[in-house]
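# Fold and geometry: a report
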Amino acid sequence: MASHVWGQVQQELKDGMSGNSFKSWIAPLELKTLDGQVATFEVPTGFIGNYVNQNFGDQILYQLNKAGQDVQRLKFAVPTGKRSVASDTVAAPQKSAKPSMGSDMGSSIDPRYTFDSFVVGKPNELAHAAARRVAEGGEVSFNPLFLYGGVGLGKTHLMHAIANELARARPDLNVLYLSAEQFMYRFITALRDRKMMDFKSQLRSVDVLMVDDVQFMAGKDSTQEEFFHTFNALIEARKQIILSGDRAPGEMKDMEDRIRSRMQCGLVVDLHPTDYELRLGVLQSKAEIQAASYPNQVIAPGVLEFLAHRITTNVRVLEGALVRLFAFASLVDREITLELTQDCLSDVLKANDRKVTVEEIQRKVSEHYNIRLSDLIGPKRLRAYARPRQVAMYLCKTMTSRSLPDIGRRFGKRDHTTVMHGVRRIEELSATDSQIADDLELLRRALEE
Ligand code: ADP
Ligand code: MG
């Protein structure tokens with residue numbers, strides 16, 4: 001009986017939070033008993049129990065009640081062997097433990113997410129320009145501004161940048177930033193505590209409202225309803241609204257039509273997947289930030305370019321890779337070279353493998369330098385062949401996961417030390433010789449297509 005109810009409640013909870021939150025905290029929870037007004041859950045550790053209670057206790061209580069269970073309290077028990085030992089009983093969360101409504105009802109703004117730290121490139125220039133415009137705080141002709149795009153492309157960063165800029169230039173404005181989950185959370189707690197009037201009036205007193213990841217509202221009818229009214233009230237009062245989502249409003253299923261069309265009536269801009277230039281720009285900027293924490297750490301030429309080529313998923317992954325690289329290099333006290341990078345990030349690199357083959361590289365390089373493939377691979381040491389050969393070896397090392405001996409074999413059975421020498425030579429040259437750097441750039445691009 002308990003498990004049946006819990007299965008339903010879990011589904012409801014799932015719709016109201018991020019996939020990660022759900023997977024990490026709610027999915028593993030087991031409802032053991034529903035006894036009187038106490039629901040007892042089994043959790044592997046006391047920490048997990050506390051965490052779940054603090055962060056999701058209200059939602060769980062609310063959903064249990066909605067499912068017809070008169071539950072007043074949650075209990076989290078840690079089993080020891082076969083015998084269940086209850087951990088300290090945790091009462092339903094105190095209202096005072098939650099931030100009160102009012103100016104601090106939103107979530108905090110990350111001061112690092114500014115326009116200065118946002119790298120602009122082709123894929124995000126429109127979104128950036130629109131965000132800048134809104135951040136001026138004046139009368140804006142598009143309302144709402146709707147930013148959408150895949151995960152890790154900078155939507156949240158831009159929203160925080162707007163908030164940071166407004167806080168600096170227009171401290172008179174009341175700016176509220178909420179994730180859609182927080183919006184829902186406030187909404188359900190206001191319902192539970194019979195504070196809907198406060199909730200409504202406080203939402204409607206803001207000058208700028210931002211709601212991040214609105215796709216999480218899909219399917220949540222009562223929350224959408226409330227959101228819609230807030231939305232309309234603010235737009236009528238000519239207050240700015242900024243929304244983000246993982247897809248265009250028109251493509252949001254389980255979102256009411258009138259909300260969908262409302263979301264489209266301002267400016268809808270998308271953040272495109274990153275391109276090479278943008279990734280390199282982001283890496284250079286983030287490397288500078290990292291370098292401030294690791295002043296003795298040196299990055300060898302070519303490493304950032306290598307990462308920009310090889311990690312193409314999103315900026316968050318790129319950033320994570322860099323953080324890891326710096327930490328690892330400082331731990332082993334070594335310079336950040338291509339080799340170290342490949343060692344340290346092999347899992348990330350593998351996941352992003354673009355599968356360029358040695359043969360493709362050889363073919364492109366010989367075309368580029370207008371020499372025969374047989375001369376590129378063959379034994380002649382003429383400079384007209386040797387340099388392109390080194391370029392090709394370098395590209396094989398950086399764009400494939402082949403080992404040095406393996407690459408050597410494919411270049412006319414050369415020794416791995418020859419390959420290593422070639423790779424190093426091109427690494428050095430690419431920093432000083434712009435012709436080589438340009439060649440590498442062109443070739444990489446051609447190979448990426
Ligand atoms: P989203 O909200 O679109 O999923 P985020 O705004 O959370 O993405 O971005 C993920 C990470 O990548 C953040 O740390 C952010 O600072 C960084 N990031 C994304 N785009 C850029 C950019 N153009 N310049 C600098 N950092 C960026
Ligand atoms: Mg985000």
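Now for a quick tour of the structure.

Conventions we followed
Position numbers for residues start from 1 in each chain and track the written sequence from start to end. Labels are handed out in written order, letters beginning with A for the chains and numbers beginning with 1 for the ligands. pLDDT decides what is reported in this predicted model: residues at 70 or higher carry local features, side-chain atom pairs at 80 or more are listed and counted, and totals for whole chains, interfaces and linings draw on all residues regardless. Note: side-chain values were computed over all heavy atoms of the structure, leaving out hydrogens and water. Labels follow the DSSP assignment, with helices taken as runs of H or I lasting at least four residues and strands as runs of E lasting at least two, numbered in each case from the N terminus. For every residue, the accessible area obtained with a 1.4 Å probe (protein chains only) is divided by the maximum for its type, and the residue is called buried under 20%, exposed over 50%, and partly exposed between those limits. Residue contacts are counted whenever heavy atoms from the two residues lie within 4.5 Å of one another. Each accessible area value is a Shrake-Rupley result obtained with a 1.4 Å probe; residue values ignore everything except the protein chains displayed when judging cover. When charges are counted, Lys and Arg contribute as positive and Asp and Glu as negative, whereas His and the chain ends are disregarded. In this description, the location of a charge corresponds to atom NZ of lysine, CZ of arginine, CG of aspartate or CD of glutamate. Patch building starts from residues that exceed 30% relative accessible area and form no salt bridge, then joins like charges within 9 Å and nonpolar side chains (Val, Leu, Ile, Met, Phe, Trp, Tyr) within 5 Å. Any carboxyl oxygen of Asp or Glu that lies within 4 Å of a side-chain nitrogen of Lys or Arg is treated as forming a salt bridge with it. It suffices for a single heavy atom of a residue to lie within 4 Å of a molecule or strand for the residue to be listed as near it. A 3.5 Å cut-off defines polar contacts: any pair of N or O atoms within that distance qualifies, except that in protein one atom must be a possible hydrogen donor and the other a possible acceptor, and neighbouring residues in sequence count only when both atoms are side-chain atoms. When residues are sorted by character, Ala, Val, Leu, Ile, Met, Phe, Trp, Tyr, Cys and Pro go into the nonpolar class, Asp, Glu, Lys and Arg into the charged class, and all the rest, Gly among them, into the polar class. Criterion used throughout: strands pair if DSSP finds at least two bridges between them. Helix span, as expected, comes to 1.5 Å for every residue beyond the first. Axes here refer to lines fitted to C-alpha atoms; in helices the fit is confined to the stretch in contact. Angles between the N-to-C directions go from 0 to 180 degrees. Two helices that cross are described as forming a left-handed crossing if the nearer one is turned anticlockwise from the farther one by less than a right angle, and a right-handed crossing if clockwise.

## Focus: the overall build of the chain
- For the chain, the helix and strand inventory stands at 20 helices and nine strands.
- In terms of overall dimensions, the chain has a C-alpha envelope of 85 × 65 × 40 Å along the principal axes.
- By the burial criterion, 48% of the 449 residues in the chain qualify as buried.
- Sequence-distant contacts in the chain: of pairs separated by 6 or more residues, those separated by 24 or more amount to 72%.
- Here the chain displays about 22100 Å² of accessible surface, and carbon together with sulfur accounts for 50% of that area.
- Each charge class in the chain can be summarised by its mean position, and for the 58 positive and 57 negative side chains these summaries are 4 Å apart.

## Thoughts on the side chain of serine 179
- Here serine 179 shows up in strand S6 (residues 175-179).
- The exposure class assigned to serine 179 is buried, which follows from its relative accessible area of 15%.
- Excluding its chain neighbours within four sequence positions, the residues that come into contact with serine 179 are Val211 and Asp212.

## Notes on a nonpolar patch on the surface
- Together, Phe328, Leu331 and Val332 make up an exposed nonpolar region whose accessible area comes to about 280 Å².
- Of note, leucine 331 is situated in helix H12 (residues 315-332).
- The exposure class assigned to leucine 331 is exposed, which follows from its relative accessible area of 72%.

## Observations regarding the site of ligand 1
- Residues in close proximity to ligand 1 total 18 residues, the closest being Gly152, Thr156, His157, Arg316 and Glu319.
- Taking tyrosine 113, its side chain carries an N or O atom lying 3.2 Å from an oxygen atom of ligand 1.
- Protein coverage of the free-state accessible area of ligand 1, which is 560 Å², stands at 95%.
- Residues of the shell around ligand 1, tallied by class, amount to seven nonpolar, seven polar and four charged.

## Comments concerning the pairing of strand S2 (residues 38-42)
- Summarising burial for S2: four of the five residues are buried, a large majority.
- Taken together, the five bridges between strand S1 (residues 30-35) and S2 define a ladder with antiparallel strand orientation. Paired with glutamate 30 across the two strands is glutamate 42, which belongs to S2.
- Linkage of S1 to S2, two consecutive antiparallel strands, is achieved through a turn of two residues, within which glycine 36 is found at a positive phi near 60°.

## As for the environment of alanine 39
- Position of alanine 39 relative to the elements: it lies in strand S2.
- Placed 376 residues apart in sequence, alanine 39 and aspartate 415 show a C-alpha to C-alpha distance of 69 Å.
- Discounting chain neighbours no more than four positions away, the residues touching alanine 39 are Leu31, Thr33, Leu34, Leu64, Val71, Arg73, Leu74 and Lys75.

## Quick notes on helix H19 (residues 416-432)
- Here H19 spans 25 Å end to end across 17 residues, near enough to the 24 Å set by a 1.5 Å rise per residue.
- Here H19 has its buried residues at Val419, Gly422, Val423, Ile426, Glu427, Leu429 and Ser430.
- The inward-facing, buried residues of H19 contact helix H13 (338-344), helix H17 (383-399), helix H18 (404-410) and helix H20 (434-448).

## Regarding the pattern of salt bridges
- Considering all chains together, one arrives at 30 salt bridges under this definition.
- For the salt bridge of aspartate 347 with arginine 324, the shortest nitrogen-to-oxygen distance reads 2.7 Å. Pair noted here: aspartate 347 is in helix H14 (residues 346-351) and arginine 324 is in helix H12, with a separation of 23 residues, a long-range link.
- Taking the relative accessible area as the measure of exposure, aspartate 347 reaches 44% and is therefore partly exposed.

## Notes on the packing of helix H7 (residues 196-203) against helix H8 (residues 221-236)
- In contact at an axis separation of 10 Å, H7 and H8 are set at 40° when each is read in the N-to-C sense. In terms of crossing hand, the pair formed by H7 and H8 is right-handed. Residue-level inspection shows Met196, Phe199, Lys200 and Leu203 of H7 in contact with H8, the latter providing Glu226, Thr230 and Leu234.
- Of the residues assigned to the contact of H7 with H8, the class counts are four nonpolar, one polar and two charged.

Coordinates in, geometry out; function isn't part of it.
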